[in-house]
Amino acid sequence: MKYLKHILSIVFVFQLHSIAISQVDWNSIQFPLKIKDDTLKNPFTGGINAAQIGKIFLNNDTQKDLVVFDRANNRVLTFLADSVNKQWNYAPLYENFFPKMSNWALFRDYNNDGKVDIFTYTNLGIKLYKNETPKNGLPKFRLIEAPLLSKGFSGRLNIQSQSIDIPAIADIDGDGDIDILTIDTNTGGTLQMHENRSTSSDTMIFTRINDCWGGFDFFACNDIRFGLSCETKLRKSTEYARIQHTTSGALLTFDFNQDSLTDLLLTKQGCKSAYLFENKGSKNLNPIYNAYDTTFNFADIALRQNYSAAIFKEDVNFDKIDDIILTYNEPVNNFNENLQSSIHLYEGENINSWKFKKHNFLQESMLDLGEYSSPIALDVDGDNDQDLLISSTKFIDNKRVANLTLLKNTNTFEQPIFEISDTNYLNFKISIYSNIKIVLSDINLDSKKDLVFIAQYSTSNTQEIYYIANVSTSSDYQFSSNNTSLFQAKNASSLHIADIDNNGYEDIILGKNDGSLEAWGRNSASINYSLVTDSLAGYSSNYLQQQPSLASADINNNGKTDWFVCNNSGECYYALDTILYPKSPKWTKSNINLNAIAVNNTSHLGINPNINIIALDTSYQLIAGNISGGIQLFSTKASSKLTNPEESDFVNLYPNPAENFFIFYAEKNGFITIYDALGKEYFSTNITAFDKNKINTTNLKSGIYFVKFINSTNKNSIHKLVIK
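Before we move on, can you summarise the overall build of the protein with the specific residues and values?
Along its length, the protein carries zero helices and 52 strands. Looking at the protein as a whole, 59% of its 724 residues are labelled buried. For the protein, the exposed surface amounts to about 28,100 Å²; the carbon and sulfur share of it is 46%.

Any details on the state of the cysteines? Residues and values, ideally.
Going through the model one piece at a time under the given rule, you end up with one disulfide. Each disulfide pairs two cysteine sulfurs, and for Cys221 the partner residue is Cys271, the sulfurs being separated by 1.9 Å. Handedness of the Cys221-Cys271 disulfide follows from its S-S torsion of about -90°: it is left-handed. Of this pair, Cys221 sits in the loop between strand S18 (216-220) and strand S19 (223-226) while Cys271 sits in the loop between strand S21 (263-268) and strand S22 (275-277), placing them 50 residues apart in sequence.

Explain the sheet that holds strand S38 (residues 530-533) to me, and be specific about the residues and the numbers.
Across the sheet, which stays open at both edges, the four strands sit in the order S35-S36-S37-S38 with antiparallel pairing between neighbours. If you trace the sheet from one side to the other, it starts and ends with strand S35 (492-498) and S38, each paired once. On average, adjacent strands in this sheet sit at an angle of 30° to one another, irrespective of strand direction. Sheet topology note: the strand S37 (residues 517-521)/S38 ladder contains three bridges and is antiparallel. The partner of Trp520 across the bridge, within S38, is Leu531.

Please set out the pairing of strand S24 (residues 323-328) residue by residue, giving values where relevant.
Of all six residues in S24, six are buried, a share of seventy percent or more. Here strand S23 (residues 309-314) pairs with S24 via six bridges, running antiparallel. Across the sheet, residue Phe312 finds its bridge partner in S24, namely Ile325. Alignment of S24 against strand S25 (residues 343-350), held across four bridges, turns out to be antiparallel. Bridge pairing in S25 links Thr327 to Ile343.

So what's going on with the confidence of the model for the protein? Which residues, and what values?
When pLDDT is averaged across the protein, the result is 83; 85% of the residues are at 70 or more. Every residue in residues 638-648 scores below 50 in pLDDT, and together they form 36 contacts with partners more than four places removed in sequence or on other chains.

Residues and numbers for the sheet that holds strand S6 (residues 75-82), please.
The sheet built from four strands is open, its strands ordered S4-S5-S6-S7 with antiparallel pairing. The open sheet has two edge strands with one neighbour each: strand S4 (51-56) and strand S7 (87-90). For this sheet, the mean inter-axis angle between neighbouring strands, taken without regard to orientation, is 30°. Bridge analysis of S4 against strand S5 (residues 65-70) gives six bridges, and the strand direction is antiparallel. Across the sheet, Ile53 pairs through a bridge with Val68, a residue of S5.

Tell me what's going on with the pattern of salt bridges, and back it up with residues and numbers.
Evaluation of the coordinates by the stated rule reveals eleven salt bridges. Close ionic contact of Arg197 with Glu195 constitutes a salt bridge, the shortest N to O distance being 2.8 Å. Classification of Arg197 by relative accessible area gives partly exposed; the value is 47%. The exposure class assigned to Glu195 is buried, which follows from its relative accessible area of 11%. The salt bridge partner of Glu518 is Lys512, with a shortest N-O separation of 3.1 Å.

Hey, could you go over the environment of Leu622 for me, with residue numbers and the actual values?
Here Leu622 is to be found in strand S44 (residues 621-625). Residue classification places Leu622 among the buried residues on the basis of a relative accessible area of 4%. Placed eleven residues apart in sequence, Leu622 and Leu633 show a C-alpha to C-alpha distance of 5.7 Å.

How would you explain the packing of aromatic side chains if you had to name every residue and give the values?
In the structure shown here, the tally under the stated rule is 25 aromatic pairs. Seen in terms of ring centroids, Phe216 and Tyr289 are 6.1 Å apart; in terms of plane orientation they differ by 65°. Their pairing is edge-to-face. Here the residue Phe216 occupies a position in strand S18, and Tyr289 occupies one in the loop between S22 and S23, the gap between them amounting to 73 residues. Like Phe216, the residue Tyr289 is buried in the burial classification. On the numbers, 6.4 Å between centres and 55° between planes, the contact of Phe277 with Tyr292 is tilted. You can see Phe277 sitting in strand S22 and its partner Tyr292 sitting in the loop between S22 and S23, a full 15 residues away along the chain. For Phe277, a relative accessible area of 0% translates into the label buried. Tyr292 sits in the partly exposed class, given a relative accessible area of 29%. Three or more aromatic residues joined by ring pairs make a cluster, and in this case those are Trp213, Phe216, Phe218, Phe226, Tyr275, Phe277, Tyr289 and Tyr292.

Quick one: what's the story with the nonpolar core, residue by residue and with numbers?
In terms of nonpolar packing, the biggest core is built from 36 residues, with Ile53, Phe79, Trp88, Phe119, Leu148, Phe361 and Leu362 touching the most fellow members. Listing elements by their share of this core, those giving two or more residues are S4, S5, S6, S7, strand S9 (117-122), strand S10 (125-131), S23 and S25. A total of three residues in this core trace back to one element, the largest contributor, which is S6. Ignoring anything within four residues of it in the chain, the contact list for Phe79 reads Asn42, Thr45, Leu58, Asp65, Leu66, Val68, Trp88, Asn89, Tyr90, Ala91, Leu362 and Met366.

Thresholds, definitions, all that
Residues numbered from 1 in each chain as written. Predicted model: local features only at pLDDT ≥ 70, side-chain atom pairs only at ≥ 80, totals over all residues. Heavy atoms only, no water. Helix = DSSP H or I, 4+ residues; strand = E, 2+ residues; numbered from the N terminus. Buried < 20%, exposed > 50% of the residue type's maximum accessible area, 1.4 Å probe, protein only. Areas by Shrake-Rupley, 256 points an atom, 1.4 Å probe, with all protein chains shown as cover. Disulfide = S-S within 2.5 Å. Pairing = 2+ DSSP bridges. Axes fitted to C-alpha atoms, helices over the stretch in contact; angles between N-to-C directions. pLDDT = per-residue confidence, 0-100. Contact = heavy atoms within 4.5 Å. Salt bridge = Lys/Arg side-chain N within 4 Å of Asp/Glu carboxyl O. Phe/Tyr/Trp six-rings, centres within 6.5 Å; stacked < 30°, edge-to-face > 60°. Core = buried A, V, L, I, M, F, W, Y, C linked by side-chain atoms within 4.5 Å.

Right, here's the structure in full:
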C-alpha cells in the first residue's frame, strides 16, 4: 500500500506531552478536524479529564492566559487569550516551563507583584513555586518552600492538605495577603485556618489560629453541625469524633453577597450539591456560619456527582465578570462519569449571579473521546492518504464502553483535513471491555494488515489480545465481523508488535504496570505465541519506570530497526540499528520528554501511553493517545518560526542542503546548537551578529539535522538543515 512504509508502529500509551522547547526533534502541530460543518479550534490538544483552572500571563501581552492542570495525568495545558474573537488558543510551547505538580494546583499571586505563583501538593503538605518570569521573557518558576509551615499549638508544623482535597488559598481575612484554609486531614469535616502574619509581601509566616474555622462540622451530606467552639482547639463535646478523613472535598472562598465578608463554597464526594456558607458575623478571621444554602443557581451542578467537584472562579468569556467553573475532581474515573463533558461553565451575569452555559468548556474545541485513547493510521478507503482510527472508552447509554472512532482524511496526503466519519466503527460498542489499545499487524500472513487489540474486562484485571482479520481484496481495509483470541494477559499497560529477534515473524510486546516489558514470541506461520521473557531489553519491574511503552521504526532509513521506550515519568530512551532479543541493547536517553512536568508515582495514574509514528503528510508525525481521551500530534518538520512566543530578528542559513559547511547569519549575537532527528546534540558554537558565521559540518553524516539559535535577548528559533 502506498505510504505504508512510512507507518512506524510505535505503541506507548499516553497523553504525549509537548516536547520541551529546548529540544528540536518534534514540534507540536495541528491538522484541521471537522465535526459535521464545524472546524474544531484546538483539535489535537490531548483531551481533559479532571481540570484545575487558573489564569496567568504567558506571552507578555496585557491579557491573562489560561492554564489547565489535569490531575488525571499530572499534565499542564496552556491556552493564549484571544479577546477579539473571545476564544482560547492552544499553545503547548509554554507547558514545558511549568514546574512539577501533582494532584492539585492553585494559581495565586502570593506576593502581589503581578505575577501568578503556583501552590501545589507535596507528600508533606503544600509547596510553593514563585513566578520569576523576567520582563518580556518566558515563564520561569522557582521552588521556594516545600512544605509550607505554620505555627500551630505545638510549634511550627507542615500545613497539611490531603492529595484528594483542594484547599482555599486566598486573602481570607481581608488584610491583603494570602491565607490558607484546609480541610482537616483527620475529621474531613472541619476546617483549619492558617493566617499569614508576615509583614513583608515577599514572605509568608503562617499561624494556625484554629482547627474548626467557621464553627461547623460537615458531618455528612445535609448533616452539617453548627456552633462548635474551637478558639482553643476544643470541641463542645466528643460527639464530633469520627473515623479518619477518607472522602475528597474542595473549597473556594470569596465575597458572594458583596458585604466585604468572606463566604465559603464547599463540595464533598458523594453529595449532590455544592454548599454555600454565608458569613453572618462581622469578621473574616473568625466568621460565623450558622446555615448553608444549596438553592443558588449553580448549586446543583448537573452531574451524577458521586464525587467532589473542584470549583474555580475566573472570567473565561472575556466580559470582565468572573464565571464559575466546576470540574471533575478525581484522579481516575471510579464513578462511571462522562469525562468527555467534565468542565461545567456557569457564566457570570452580574457580581453574584451565574447562569449555566455548557458542560464541555474547552473540551468542545478539541477531539475528546472520553478515556484511554489509542490511535493508529491506515488508508481505510484506499485513496492513497492516511486516515486515523482511534480506540477509546466512551460514556454511551449511561455506561462506559469500548469504542472505535474513524477520522477520514478528506483532502490530500500532503495537506490532510480530517473529518469524523464514524463514531462507532465496526459497531465496536462492547460494554464488557474497557481501556483497549489497537495496533496493525499481519497476523495471518496474507500480506494484509489486520487489526489487533488488547482489551481489559471491566470486572477484573484480566486482559485478552484479539485480532480482526483484514478481508479486503483491494488496497483498502475491510475487517471481518469476527475477532479471534490470541492469548490472555494481565496488568499490561501498552501493546506493541514487532520482530524483536529478526526471525521474520512479528512478536507481541506488552508494557506492564510494574515497569517490565514482556515479550511473547512467534516462531512459525502457525499463529501461536509463547512467553519468551518478562524482562525484555533489560526492562524488569521498577517503580521508577512504570508502564514502559515500546516503539520500533527505521527512523534513520538505513534498513535496520530503531527502538524507543518511554516510561511513566515521561522519560524516553532509544537504541539504534539493533535487535532486542536475546541480547539487551544499550539505551541512550533522549531529550524527548512526553510530559515535561510528570512526576514518578507508584499508583500508575497519569500516563497510560499509546503512541504511533506515522506519515500523515510529507513528514513523520508522532501521534499520541492518552488517559484523557484526546490526541496530540507532533511533527519532524522544523519550522522557521520561533518556538519562543515572540518573533526573532532576521536569521538566514545557507547553503541548504550543505556539504562541508553552512553559513549562519543573524542580526543579534547568540549561539547555535546542532541536533539530529532523534534529539542527539552534536555541538554548539557562538554566533556573531551581522557576520557570515561559517559552520564546519565535515563531522556530520548525511541526513536531516536541526539548528537551534538563541540570541542575546533569549529569543530562539529552530531551522532544518540537510547534510548531503
